[in-house]
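# Observations on the model geometry
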Amino acid sequence: MLSLLPILILGLASAMLLPWSRGRLPILMYHKVRPAPGDGLTVPLEVFREQLKQLAEAGYESISFADLAAFHRDGTRLPRRPVLLSFDDAYADFEPHAATAMREHGFHGTLFVPAGCVGKENTWDGGGEPLMDWEDLRTTAERGTELALHSFDHRNYRDMDLDEIREDLERCIAAFDDRSIPYRKVLAYPYGGFPRTEPDRSRMKQLLRELDIEYAARIGYRIERTTPRDRYELRRVGIDAADRGLRFRVKLALGRTRL
Ligand SMILES: [Zn+2]
């Protein structure tokens, strides 16, 4: 087993130096933020506030996928140290907790919404927890949250064929368009899943292009670049309740806390 010391030294050095190199874009992935003990998918509100404070002190500024698209389209400048705060599943208490805390610290976020589950519960994860309804989504969008896609009913794209994926995305797009709710055609794959073998992987990306999907995000525990290698495999860094202090700084630098 690797000793902890070199990891700590590398982490510390990276935490101090790496964030200053240009072209880095940490895309952080959250699910639930609430005043509760943390678990795998919950970051306690107090820990989240500490993280926002650390980001602000380190000079990070939030960007949205709209900003990233403008940068790629016509070179619109990004802040010197951009960060993208993303939230999956649209839990009902997003606005009073995560969104409010972000606004207080000068940040904003992107919410990945499973369109067919809006106003219902997180049935794919045991159920019992309410999700935002369409009016909640309209309100948070008006207050500066960017809305984006997270499949229709939270199925894993790895287990679906291309026709099913196409139908799923078309239903998502129609759900937003029919209600005239602003959103970006950016997808977070549920469970980070998508076809991993060829030719399905390339065919899925062709389908995303046909549907004008701008970006798609997986889970990757790496720091993405402002000019990513593959816009349909953006790597996100999962943030959890243990990410405080130095551990959070190391994650911002390396995308992970283990070698
Ligand atoms: Zn999800």
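Preceding this paragraph is the structure being described.
What comes next concerns the included structure.

The rules behind these values
Residues numbered from 1 in each chain as written. Predicted model: local features only at pLDDT ≥ 70, side-chain atom pairs only at ≥ 80, totals over all residues. Heavy atoms only, no water. Donors = N, O, S within 2.8 Å, 3.2 Å for Na, K, Ca; no water. Buried < 20%, exposed > 50% of the residue type's maximum accessible area, 1.4 Å probe, protein only. Core = buried A, V, L, I, M, F, W, Y, C linked by side-chain atoms within 4.5 Å. Contact = heavy atoms within 4.5 Å. Helix = DSSP H or I, 4+ residues; strand = E, 2+ residues; numbered from the N terminus. Polar contact = N/O pair within 3.5 Å; in protein donor to acceptor, adjacent residues only side chain to side chain. Salt bridge = Lys/Arg side-chain N within 4 Å of Asp/Glu carboxyl O. Pairing = 2+ DSSP bridges. Arc of directions from axis to C-beta.

## Concerning the coordination of the zinc ion
- Donor atoms from the polypeptide that bind the zinc ion are Asp89 (OD), His150 (NE2) and His154 (NE2), placed at 2.1 to 2.2 Å.
- On the primary sequence, the residues serving as donors to the zinc ion are separated as D-x60-H-x3-H. Like histidine 150, the residue histidine 154 is buried in the burial classification.

## Description of the nonpolar core
- Grouped together as the largest cluster of nonpolar side chains are 56 residues, with contacts concentrated most on Tyr30, Phe48, Leu85 and Phe87.
- In this structure, leucine 85 is in contact with Leu28, Tyr30, Leu52, Leu55, Met102, Phe107, His108, Gly109 and Thr110, ignoring residues within four places of it in sequence.
- Formed by 15 residues, the second largest nonpolar core is a distinct cluster that contains Phe65, Ala188, Ala217 and Leu234.

## Considerations on the side chain of arginine 218
- Relative to the helices and strands, arginine 218 resides in strand β10 (residues 215-219).
- Of note is the side chain of arginine 218, whose polar atom sits 2.9 Å from the side chain of glutamate 233.
- Residues in contact with arginine 218, not counting those within four places in the same chain, are Tyr189, Gly192, Phe194, Arg196, Arg201, Glu233, Leu234, Arg235 and Arg236.

## Digging into the pattern of salt bridges
- Per the counting criterion, the structure on display carries 24 salt bridges.
- Taking the shortest distance from any N to any O, the salt bridge between glutamate 95 and arginine 103 comes out at 2.3 Å.
- Given a relative accessible area of 10%, glutamate 95 falls into the buried group.
- The class of arginine 103 is partly exposed, set by a relative accessible area of 35%.
- Here glutamate 164 ties to arginine 155 by a salt bridge, and the two come within 3.7 Å at their closest N and O atoms.
- Classification of glutamate 164 by relative accessible area gives partly exposed; the value is 31%.
- It is possible to trace a salt-bridge network through shared partners that takes in Arg201, Lys205, Arg218, Asp230 and Glu233.

## Description of the pairing of strand β6 (residues 82-88)
- Counting buried residues along β6, seven of its seven residues qualify, which places the element largely inside the surrounding structure.
- With four bridges joining them, strand β2 (residues 27-30) and β6 adopt parallel strand pairing. Directly across from leucine 28, in β6, lies its bridge partner leucine 85.
- Inspection of the sheet shows strand β5 (residues 61-62) paired to β6 by two bridges, in the parallel sense. Within β6, the position partnered with glutamate 61 by the bridge is proline 82.

## With respect to the environment of leucine 137
- Inspection of the secondary structure assignment puts leucine 137 in helix α5 (residues 134-142).
- Accessibility expressed as a relative area gives 0% for leucine 137, which makes it buried.
- Considered as a pair, leucine 137 and valine 118 are 19 residues apart in the sequence and their alpha carbons are 8.9 Å apart.
- With residues near it in sequence (within four places) discarded, leucine 137 still touches Ala90, Leu111, Val113, Val118, Met132 and Leu147.

## Considering unusual backbone geometry
- Between glutamate 198 and the following residue, proline 199, the backbone shows a cis peptide bond with an omega angle of 5°.
- Relative to the helices and strands, proline 199 is located in the loop between β9 (186-188) and α7 (200-210).
- Even without a glycine there, the phi angle at aspartate 89 is positive, about 90°.
- Positionally, aspartate 89 belongs in the loop between β6 and α4 (95-104).
- Given a relative accessible area of 2%, aspartate 89 falls into the buried group.
- Its identity is not glycine, yet alanine 90 carries a phi of approximately 60°, on the positive side.

## Some thoughts on α7
- Listing the buried residues of α7 in full gives Met204, Lys205, Leu207 and Leu208. All buried residues of α7 fall inside an arc of 155° around its axis, so they share one side.
- Turning to α7, the residues buried within the fold contact α6 (162-179), β9 and β10.
- Phi turns positive, to about 60°, at aspartate 212, one or two residues after α7.

Geometry only, nothing functional implied.
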